[in-house]
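Now for the letters of each chain:
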Amino acid sequence: MRSVLTVSLILLGLLILSSYQLGAGGKAQISLTMVYGSEKRGWIEEAAPLFLDWWKKEYPEMPLELNVSPLGSRESMIQIITGEIKPVVWSPASSVWVPLANWMWARENEGTSLVEEYRPLVFSPIVIASWSSYVSKRGIQGFGSLHDLSIMDHSDLKFAHTDPQLSNSGFMAVIMETAAAAGKSPAQLRREDLLSTDVRQWLTELESTAVYYGESTGFLLDEAVEGGPNNLNALVIYENLVIEKNRSGEPMSRWKDRLVAVYPKEGLLLSDHPFCILNAPWVSEKQRWAAQEFLRFLLSPEIQKKAAAHGFRPTTRGIELDRGVFNPANGVSYSLPTNIVSAPTDEEVLLHITDVWSVTRARR
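First, a word on what this report is: a plain description of the structure on this page. Small disclaimer: the values here were computed from a predicted structure and weren't measured.

### Observations regarding the overall build of the protein chain
- A tally of helices and strands in the protein chain yields 15 helices and 14 strands.
- Principal axes of the C-alpha set define a box for the protein chain whose edges measure 70 × 50 × 35 Å.
- For the protein chain, with 364 residues in total, the buried portion stands at 52%.
- Put simply, 77% of the contacts in the protein chain that link residues at least 6 apart link residues at least 24 apart.
- Carbon and sulfur atoms form 48% of the exposed surface of the protein chain, whose accessible area is close to 15900 Å².

Next comes the structure, spelled out in structure tokens:
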């Protein structure tokens, strides 16, 4: 375990070297470090220098150093718990990690919470991405549809999601699969569902059609587009990536087909990118105040509109989506067509759901 963490720390060091290290002029009085899920890297890298420009005008006598570094949600959580990294702000891809982080932190820190409260920054639903022609042919509506295809004679389903032990989208995919298998909403999942023979059989049947488990959601989508409809025809990713890839024109130019987002009829689990100011001994009151100012800036209408341009749905009310971005030509719906569901909060479920995947996954 230590060797894995050491390698992770080295990789983090490389990321920090390549990330923003921005000063507001003069010797910094406040150092603000944010570790965030790489899914929103484009938006954060656009917003960070704008925040420092804003800061210089608002607080010219109080220089600020801002470091923003992308890191996987699970990896960053583990490194914070073990003290390998000590950011002021943690922003994983989904708040599904918060109760698990608090449970792990409490075991090491006399029952205290690492995250006492948080605010979602942007929304990006987990969707089933497929090719327009395949959705029309097979009538995919959700995870139940995928399972039906998986047990069909001579199934042509070629399924994929990222490794849930490494990637947030894979973790959320397995949560949604397990909930569908149990006939429950994700928040209702309990330990007995993970132990159920019927649930495990259902998962084994669907996962048997998996042809790829990637480490990165973006690379998974790249693999799908490079190989085309005959290579991968159903993968679990973020809505914003469907928009991004269709806007590039690559799916249509390569395959004369468009990627489409299927919003699972079982419900939408949102990747809500929480902004968590850590309740940790290394966070000072001045850093906490600066982090709150950064949060306020990221939630401002101007910066939320920039997030929408990257395919994220704003969390600040009153901001209309750009119909030039959120439209069928880009493979998505302007309005979310299915209900939003809550993630599990049961620590046992969150801790052991990847164990279920480990025994039901495809062996290639």
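### Topic: helix α6 (residues 143-150)
- With 6 of 8 residues buried, α6 is to be regarded as a mostly interior element.
- Of all the residues in α6, the buried ones are Phe143, Ser145, Leu146, His147, Leu149 and Ser150.
- Buried residues belonging to α6 abut β6 (122-131), α5 (132-138), β7 (159-160), α7 (168-182), α9 (197-207) and β9 (234-238).

### A short note on the environment of Arg254
- With respect to the element layout, Arg254 can be found in helix α12 (residues 250-255).
- You can call Arg254 partly exposed: its relative accessible area is 43%.
- The spacing of Arg254 and Ser145 is 109 residues in sequence and 27 Å in space, taken between C-alpha atoms.
- Sequence-distant contacts of Arg254, defined by excluding residues within four places in its chain, comprise Val225 and Glu226.

### Some words on unusual backbone geometry
- The backbone phi angle of His154 is positive, close to 55°, even though this residue is not glycine.
- Its identity as a non-glycine residue notwithstanding, His273 has a phi of 45°, on the positive side.
- Here His273 is to be found in the loop between β11 (268-271) and β12 (274-277).

### Considering the pattern of salt bridges
- Scanning all chains against the criterion turns up 11 salt bridges.
- Residues Glu46 and Lys306 are paired through a salt bridge, measuring 3.6 Å at the closest nitrogen-oxygen approach. With Glu46 in helix α2 (residues 41-58) and Lys306 in helix α14 (residues 301-309), the pair connects residues that are 260 residues apart, well separated along the chain.
- The exposure class assigned to Lys306 is partly exposed, which follows from its relative accessible area of 24%.
- Across the pair Asp156 and Lys137 runs a salt bridge whose closest N-O atoms are separated by 3.6 Å. With Asp156 in the loop between α6 and β7 and Lys137 in helix α5, the pair connects residues that are 19 residues apart, well separated along the chain.

### Quick notes on the packing of α7 against α9
- Remark: α7 packs on α9, axes separated minimally by 9 Å, with the N-to-C direction vectors making an angle of 125°. Between α7 and α9, the interaxial angle falls into the category oblique. Judged by the sense of rotation from one axis to the other, the crossing of α7 with α9 is right-handed. Along the contact surface, α7 presents Glu177, Thr178, Ala180, Ala181 and Ala182, while α9 presents Val199, Trp202, Leu203, Leu206 and Glu207.
- A per-class count over the contact of α7 with α9 returns 7 nonpolar, 1 polar and 2 charged.

What counts and what doesn't
The numbers attached to residues start from 1 for each chain and follow its sequence in the written order. Only residues with pLDDT of at least 70 get local features here, since the model is predicted, and only at 80 or more are side-chain atom pairs given and counted; chain-wide, interface and lining totals rely on the full set of residues. No hydrogens and no water enter the side-chain calculation; it runs on all heavy atoms of the structure. Going along the chain from the N terminus, every DSSP run of H or I of four or more residues is numbered as a helix, and every run of E of two or more is numbered as a strand. Remark: exposure states derive from per-residue accessible area (1.4 Å probe, protein chains only) relative to the maximum for the residue type, with buried under 20%, exposed over 50%, and partly exposed in between. Whether two residues touch is decided by their heavy atoms; if any such pair falls within 4.5 Å, the residues are in contact. Per-residue and other accessible areas were derived by the Shrake-Rupley procedure at a 1.4 Å probe size, with only the shown protein chains allowed to occlude residues. Here a salt bridge means any side-chain nitrogen of Lys or Arg lying within 4 Å of a carboxyl oxygen belonging to Asp or Glu. Throughout, an axis means a line fitted to C-alpha atoms (over the contacting stretch in the case of helices), and angles, computed between N-to-C directions, take values from 0 to 180 degrees. When an angle is under 35 degrees it counts as roughly parallel; over 145 it counts as roughly antiparallel; between 65 and 115 it counts as roughly perpendicular; any other value is oblique. The sense of a crossing depends on the near helix, which, turned anticlockwise from the far helix by less than a right angle, makes the crossing left-handed and, turned clockwise, makes it right-handed. Each residue is assigned to one of three groups, with Ala, Val, Leu, Ile, Met, Phe, Trp, Tyr, Cys and Pro labelled nonpolar, Asp, Glu, Lys and Arg labelled charged, and all others, Gly among them, labelled polar.

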